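Here are the chains, one letter per residue:
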Amino acid sequence: EAIYMRDDSLRRIEFYESALIPRAEDALSASLSSFSAGKSSAIELLDAQRTLLELQRNVQRSYASALNANAIISRIVGGTTPTESSQ
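What comes next concerns the included structure. These numbers come from a predicted model, not from an experiment.

On to the overall build of the chain. Within the chain, the regular secondary structure consists of 3 helices and 0 strands. Reading the chain from its N terminus to its C terminus gives the helix and strand order α-α-α. Rg of the C-alpha trace for the chain: 19 Å, well past the compact-globule value of 12 Å for 87 residues, more than 25% over. Summarising its shape, the C-alpha atoms of the chain cover approximately 60 × 25 × 15 Å along the three principal directions. When each of the 87 residues of the chain is scored for burial, the buried share is 28%. Excluding contacts between residues fewer than 6 apart, the proportion of contacts in the chain whose partners are at least 24 apart in sequence is 65%. Accessible surface for the chain amounts to roughly 6200 Å². Of this, 56% is attributable to carbon and sulfur atoms. Counting 9 positive and 11 negative side-chain charges, the chain places the centres of these two groups 2 Å from one another.

We now examine a nonpolar patch on the surface. A grouping of Ile 72, Ile 76 and Val 77 is seen on the molecular surface, where their side chains present a nonpolar patch of about 310 Å² in accessible area. Note on placement: Val 77 falls in the loop between helix H2 (42–76) and helix H3 (82–85).

Turning next to the nonpolar core. Among the nonpolar cores identified, the biggest contains 10 residues, and these are Ile 13, Tyr 16, Ile 21, Ala 24, Leu 28, Leu 45, Ala 48, Leu 52, Leu 55 and Val 59. When contributions to this core are tallied by element, the ones reaching two or more residues are helix H1 (2–36) and H2. Ignoring anything within four residues of it in the chain, the contact list for Leu 28 reads Leu 45, Ala 48, Gln 49 and Leu 52.

Between its terminal C-alpha atoms H2 stretches 51 Å, which fits the 51 Å expected from 35 residues at 1.5 Å a residue. Looking at H2, one finds that the buried residues are Leu 45, Ala 48, Leu 52, Leu 55, Val 59, Ser 62, Ser 65, Ala 66, Ala 69, Ala 71, Ile 73 and Ser 74. Elements in contact with the buried residues of H2: H1. One or two residues past the end of H2 sits Gly 78, with phi positive at roughly 90 degrees.

Looking at the secondary structure, you find Ser 65 in helix H2. Discounting residues that sit within four places of it in the chain, Ser 65 has contacts with Met 5, Ser 9 and Arg 12.

Before going further, it helps to examine the pattern of salt bridges. Summed over all chains, the structure comprises 5 salt bridges. Salt-bridge contacts for Asp 8 lead to Arg 11; the nearest nitrogen and oxygen are separated by 2.4 Å. Within this pair, Asp 8 and its partner Arg 11 are both found in helix H1, separated by 3 residues, close to a single helical turn. Its salt-bridge partner being Arg 50, residue Asp 47 comes within 3.5 Å of it at the nearest N-O pair. In this pair, Asp 47 and Arg 50 both sit in helix H2, 3 residues apart, roughly one turn of the helix. For Arg 50, a relative accessible area of 42% corresponds to the partly exposed category. Among the charged side chains, a network of salt bridges with common partners joins Asp 8, Arg 11 and Arg 12.

Rules and cut-offs
Residues numbered from 1 in each chain as written. Predicted model: local features only at pLDDT ≥ 70, side-chain atom pairs only at ≥ 80, totals over all residues. Heavy atoms only, no water. Helix = DSSP H or I, 4+ residues; strand = E, 2+ residues; numbered from the N terminus. Rg over C-alpha atoms; globule rule 2.2 N^0.38 Å. Buried < 20%, exposed > 50% of the residue type's maximum accessible area, 1.4 Å probe, protein only. Contact = heavy atoms within 4.5 Å. Areas by Shrake-Rupley, 256 points an atom, 1.4 Å probe, with all protein chains shown as cover. Lys, Arg positive; Asp, Glu negative; His and termini not counted. Charge placed at Lys NZ, Arg CZ, Asp CG, Glu CD. Patch = residues over 30% accessible without salt bridge, like charges linked within 9 Å, V, L, I, M, F, W, Y side chains within 5 Å. Salt bridge = Lys/Arg side-chain N within 4 Å of Asp/Glu carboxyl O. Core = buried A, V, L, I, M, F, W, Y, C linked by side-chain atoms within 4.5 Å. Expected span 1.5 Å × (residues − 1).

As structure tokens, then:
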């Protein structure tokens, strides 16, 4: 289960970083240009910012999930976690 959780987290990280976040950054840039030109509202700009922030938060959660899964795997196979080895 931990291996699946780690692999799934890594897959999600790759998807967010290679596809979703760059598209959200492009959308934010377009919204900012459109807002600066007076062609869109502040609400549309804020929505684009919110979307990007949510995706960035999700990728960070995926990193945390992958690290937690690695710690579980390490404990199962008898290794130490990074915090245990530094003490």
